[in-house]
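# Chains, contacts and geometry: an overview
Chain by chain, the residues run as shown.
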Amino acid sequence: MRKQMRKVVIILLWLAVWQIAAMWTDNHILLVGPVQVLRVFVQNMMQPDFLKIVLYSFARIGLGFFLALCIGLIFGAVSCRFPVVEELSAPVMATLKSIPVASFVVLLLIWFGSSRLSFFISFLIVFPNVYVNTIAGLKSADVKLLEMAQVYGMSKMSRFFYIYRPALMPYLGSCLKISLGMSWKSGVAAEVIGLPAYSLGERLYMSKIYLDTAGLLSWTLMIVLISFLFEKAVLWLVKVYGGWKPYPMIFPKVPAADRMDIADSIRVSHVDKSFGGLSVLRDYSLTMENGKRYLLMAPSGTGKTTFLRILTGLDNADGGKVEGMPARTGMVFQEDRLCEEYDAVCNIMLGMGKGTVEYVRAEAAKILPEDCLTKPVKELSGGMRRRVALLRAVLSDSELLILDEPFAGLDEENRARSAEYLLDRLEGRTLLVTTHREDDVELLQGMKVTLVFSESLCYNA
């Protein structure tokens, strides 16, 4: 309250200085005070064509802004998806950003006339900013989350909404804060030059012609007020959209045991993988029968994670082949790979092809405190986040579960509790777990398999 009162006092102080300066000048052409400006402002609002003037200018400039926003977002997304489009459009964007507004005004005035001038100027000012920031925002999306989406087979709509959208919003918000003001300044300036009928720019020009300083300042005040309200409304809508966090739309869960398209086995034959001439995997083979549990054990840096990435298609092997991989896989990565702004329930549902919110909450409460289920995962502890990642994999609509050290960071009690939950929810699915602990073989009642290790094959995967 004290800070707000200080702002009010400062504003009143400068208004008083302005009024005293106007009284001291005593020349209504050189300077008029705020009282006279406010009186003319009210008189302008009482004119019969006032609303028509405001609406016409708002329609021209606002339509140019929104069209630039929509096309900039779409064209930026296309350019991000297809780099050749970005390369082809780069000279055009550089030209649009470097050509002076005055040059645009003259050209557009010749091409389209005065009535549409402010529309095109508003569009050309906003479009490059939105386009460039859209590309930057989409490219900033977390690659690890995109890999998670690929493994779980998330739809393009879900990838955009839960991964790309949070990455885009900060760029879009900062872009709009600049573009909103620029669109009105340039749009009104174009109206002053083009003088379209029933426009704010025309009123500014007429005030200049008649040396009506009070009218000039009152119409300027109106433009500032409209621009301010327009900016606040647009930024509020963007904030509402950015803060919208609905749960994914999915359907009742079908048990994995009821599926008929599960392969008899997964066969890895003579797989090789090197990075920069250093071998990580060499002539490795493994057969995993459907419905069995396997624990892959090897020292750190011997290629376990690389092997899992080859299985899931995130990396390609240099040699050998993988056969019998199911269409749907649930995975716990070395990192949790969670969408930070969304709660635990939403993150779990991102990996599910079928299920309900109530079902997920009931299942998650078996290994997580209920009070953490609706919190953004960025507020959860490391152990809680790990269990969210485990729940996402276990409850996924998958035939194969690949868990890369799933109990890392858990104390013994939560480790045992999570392992028990995992076994209860396997539903006949194949399980592949990487681990460093020998007692995990007994804990998960699985078969131990190893990667051949030598000093020459050591690589930090």
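Residues numbered from 1 in each chain as written. Predicted model: local features only at pLDDT ≥ 70, side-chain atom pairs only at ≥ 80, totals over all residues. Heavy atoms only, no water.

Next up on the list: helix H4 (residues 83-98). Here H4 is 16 residues long and its end C-alpha atoms lie 22 Å apart, about the 22 Å a rise of 1.5 Å per residue gives. The largest bend in H4 is about 40°, located at serine 89, with the proline proline 91 one to four residues further on. Among the residues of H4, those classed as buried are Ser89, Met93 and Leu96. Lining the buried residues of H4 we find helix H3 (50-81), helix H5 (101-112) and helix H6 (117-139). (Helix = DSSP H or I, 4+ residues; strand = E, 2+ residues; numbered from the N terminus. Expected span 1.5 Å × (residues − 1). Bend = angle between axes of the 7 residues up to and from the residue. Buried < 20%, exposed > 50% of the residue type's maximum accessible area, 1.4 Å probe, protein only. Contact = heavy atoms within 4.5 Å.)

Take the confidence of the model for the chain next. Overall, the prediction assigns the chain a mean pLDDT of 87, with 95% of residues at 70 or greater. Here residues 453-461 is a poorly scored stretch, pLDDT under 50, and it has 23 contacts once near neighbours within four places are set aside; other chains count. (pLDDT = per-residue confidence, 0-100.)

Judged by pairing direction, the sheet is antiparallel, and its three strands sit side by side in the order S2-S1-S4 without closing on themselves. The sheet is open, and its two edges are formed by strand S2 (278-289) and strand S4 (319-323), each paired on a single side. Sheet twist, expressed as the mean angle between neighbouring strand axes with direction ignored, is 15°. Two elements, strand S1 (residues 265-275) and S4, share four bridges in a ladder whose sense is antiparallel. Bridge pairing links arginine 267 to glutamate 323 in S4. (Pairing = 2+ DSSP bridges. Axes fitted to C-alpha atoms, helices over the stretch in contact; angles between N-to-C directions.)

Bringing the packing of H3 against helix H8 (residues 156-194) into the picture now. Where H3 meets H8, the axes come as close as 10 Å, and the angle between the chain directions of the two elements is 145°. Along this stretch, H3 crosses H8, giving a crossing that reads as right-handed. Residues Ser57, Phe58, Arg60, Ile61, Phe65, Leu69 and Leu73 of H3 touch H8, and the partners they reach there are Leu168, Leu172, Leu176, Ser179, Leu180, Ser183, Trp184, Gly187, Val188 and Glu191. (Left-handed = near helix turned anticlockwise from the far one by under 90°.)

The subject of this paragraph is the environment of proline 128. On the secondary structure map, proline 128 appears in helix H6. Separated by 171 residues in sequence, proline 128 and proline 299 place their C-alpha atoms 52 Å apart. Residues in contact with proline 128, not counting those within four places in the same chain, are Met93, Leu96, Lys97 and Phe123.

This paragraph deals with the nonpolar core. General note: in soluble globular proteins, nonpolar side chains tend to be found buried as a group. Grouped together as the largest cluster of nonpolar side chains are 77 residues, with contacts concentrated most on Phe307, Leu311, Leu403 and Leu422. Apart from residues lying up to four places away in sequence, leucine 422 is in contact with Val394, Leu401, Leu403, Phe407, Leu431 and Leu444. In this structure, Leu108, Ile121, Val126 and Phe230 belong to the second largest nonpolar core, which totals 41 residues. (Core = buried A, V, L, I, M, F, W, Y, C linked by side-chain atoms within 4.5 Å.)

Counted under the stated rule, the structure contains zero disulfides. Sulfur of cysteine 80: no disulfide; nearest cysteine sulfur belongs to cysteine 175 and is 15 Å away. Taking relative accessible area as the criterion, cysteine 80 reaches 23% and is therefore assigned partly exposed. Residue cysteine 339 stays outside any disulfide, its sulfur separated by 7.2 Å from that of cysteine 346, the closest cysteine. (Disulfide = S-S within 2.5 Å.)

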